[in-house]
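A closer look at the structure
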Amino acid sequence: MKLISSRNALLHLSFGLLAFAFEPSPLQDFCVADSTSSARVNGLVCKHPASVVADDFFFSGLHVPGNTSNPNGSRVTPVTVAQLPGLNSLGISMVRVDYAPWGINPPHTHPRATEILTVIEGSLQVGFVTSNPDNNLITRTIEKGDVFVFPMGLIHFQRNVGSGNVVAIAALSSQNPGVITIANTVFGSNPSVNGDVLAKAFQVDKSVVDQLQTKF
């Protein structure tokens, strides 16, 4: 069997040789997202380099406190490819999170990204839960200047444990990390998950599920 470039994966089949090529590194300087394109790709289509401008790589607003007047007492200000088209294909994004006193960023997961968070002001209880079957809770309190990492895909949360406002900045390892908030997803899906299924899964009476579904 003849070997070719180390960047190629070879699969030898009984009827011949089939080669698959994969290039993990960028093949161009950038791929600014073209939000006007109707093409469907895994990501977003690139603008023509000749039409790219400085504002494609610019976002202003992380200095502005988020409105935390909501049941969770927190607000996430995202800077993903949706807000900053120059992030397309670069595999990185960030968020600002504001927390009212005792506010929470409720249990959620990012299906496409690891998250690293640092506290700018205040104190946070942070934590994540490992996957089945152990489901270990890894948690601690972090202060201004501290950093904590949430591994990709694991359910995690933050809670303001002080009487003042808290600000945190987080970076994520995808230009489009996605977010699945557990309570909203389970109890607020459209259409709703069958209440009997949820009652059995959570081992509660169906009336409890019905009440929760009215809140989401």
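Read on for a plain summary of the structure. These numbers were taken from a predicted model, which means no experiment stands behind them.

Notes on helix α2 (residues 195-202)
When α2 is considered as a whole, its buried residues turn out to be G195, L198 and A199. What you see down the axis of α2 is that its buried residues fit within an arc of 100°, all on one side. Looking at α2, the residues exposed on the side facing more than 90 degrees away from the buried face are K200 and A201. Those residues of α2 that are buried are in contact with α1 (182-187) and α3 (206-215). The opening residue of α2 is N194, an N-cap whose side-chain oxygen sits 2.8 Å from the backbone nitrogen of D196. Two residues or fewer after α2 comes Q203, characterised by a positive phi angle close to 55°.

Overview of the side chain of N160
Looking at the secondary structure, you find N160 in strand β10 (residues 155-160). Looking at N160, its side chain comes within polar contact range of the main-chain oxygen of A100, at 2.9 Å. Within the structure, N160 has its side chain in polar contact with the backbone nitrogen of G162 (distance 2.8 Å). When neighbours within four sequence positions are excluded, N160 is seen to be in contact with Y99, A100, P101, W102, G103, S123, L124, N165 and V166.

What counts, and where the lines are drawn
Residues numbered from 1 in each chain as written. Predicted model: local features only at pLDDT ≥ 70, side-chain atom pairs only at ≥ 80, totals over all residues. Heavy atoms only, no water. Buried < 20%, exposed > 50% of the residue type's maximum accessible area, 1.4 Å probe, protein only. Helix = DSSP H or I, 4+ residues; strand = E, 2+ residues; numbered from the N terminus. Arc of directions from axis to C-beta. Contact = heavy atoms within 4.5 Å. Polar contact = N/O pair within 3.5 Å; in protein donor to acceptor, adjacent residues only side chain to side chain.

These figures come from the coordinates and say nothing about function on their own.
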